[in-house]
Amino acid sequence: QVQLVESGGGLVQPGGSLRLSCAASGTIFVISAMGWYRQAPGKQRELVAAITSGGTTTYADSVKGRFTISRDYAENTVTVYLQMNNLKSEDTAVYYCNKHMRATTYGYNNWGQGTQVTVSS
């Protein structure tokens, strides 16, 4: 069964930290590069970080040096983490994880419920 469950979001002050987790069940996720995405109100969904099955990582310019993506494996499940430090108000969004995919294919894939991150004083 293919399933994506994100957690770890919340309200944090600017400069604070959060660690997001995503449990992705299914072989497709275990063998695929994975990504963390976010969507702010009125904006398009964007990729913020990605990690290959071999551990190579890439980041959006807006989060480089502040966010770290990592992944662990257990049987048919991969857990993907996003450590977010020095958070800024512009990081406020709903965060999702999924296979690393092109933006043009976002609408053709199933997504989890996401986890809300709010950065505010």
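Bear in mind the structure is a predicted one, so any value in this text is a computation, not a measurement.

Only one face of strand β1 (residues 3–7) is covered, namely the face carrying Leu 4 and Glu 6; the face carrying Gln 3, Val 5 and Ser 7 is uncovered. In the sheet, β1 pairs with strand β3 (residues 18–25) via five bridges, with the strands oriented antiparallel. Looking at the pairing, Leu 4 lines up with Ala 24 of β3.

In this structure the tally under the stated criterion is one disulfide. Paired through a disulfide, Cys 22 and Cys 97 show a sulfur-sulfur distance of 1.6 Å. With Cys 22 in strand β3 and Cys 97 in strand β9 (residues 93–99), the pair connects residues that are 75 residues apart, well separated along the chain.

What follows covers unusual backbone geometry. For Glu 75, which is not a glycine, the phi torsion comes out positive at approximately 50°. Within the secondary structure, Glu 75 sits in the loop between β7 (67–74) and β8 (77–84). Here Glu 75 falls in the exposed class, since its relative accessible area comes to 83%.

A few words now on the environment of Arg 19. Considering the arrangement of structural elements, one finds Arg 19 in strand β3. Taking C-alpha positions, Arg 19 is 6.8 Å from Tyr 81, a pair spaced 62 residues apart along the chain.

Within the largest apolar cluster, 27 residues are counted, with the highest numbers of intra-cluster contacts made by Trp 36, Leu 82, Met 84 and Tyr 95. Listed by contribution, the elements that provide at least two residues to this core are β3, β4 (34–39), β5 (46–51), β7, β8, β9 and β10 (115–119). Ignoring any residue separated from it by four or fewer positions in sequence, one finds Tyr 95 in contact with Glu 6, Leu 20, Trp 36, Tyr 37, Arg 38, Phe 67, Leu 82, Met 84, Gly 114, Thr 115 and Val 117.

Procedures and definitions
Residues numbered from 1 in each chain as written. Predicted model: local features only at pLDDT ≥ 70, side-chain atom pairs only at ≥ 80, totals over all residues. Heavy atoms only, no water. Buried < 20%, exposed > 50% of the residue type's maximum accessible area, 1.4 Å probe, protein only. Helix = DSSP H or I, 4+ residues; strand = E, 2+ residues; numbered from the N terminus. Pairing = 2+ DSSP bridges. Disulfide = S-S within 2.5 Å. Core = buried A, V, L, I, M, F, W, Y, C linked by side-chain atoms within 4.5 Å. Contact = heavy atoms within 4.5 Å.

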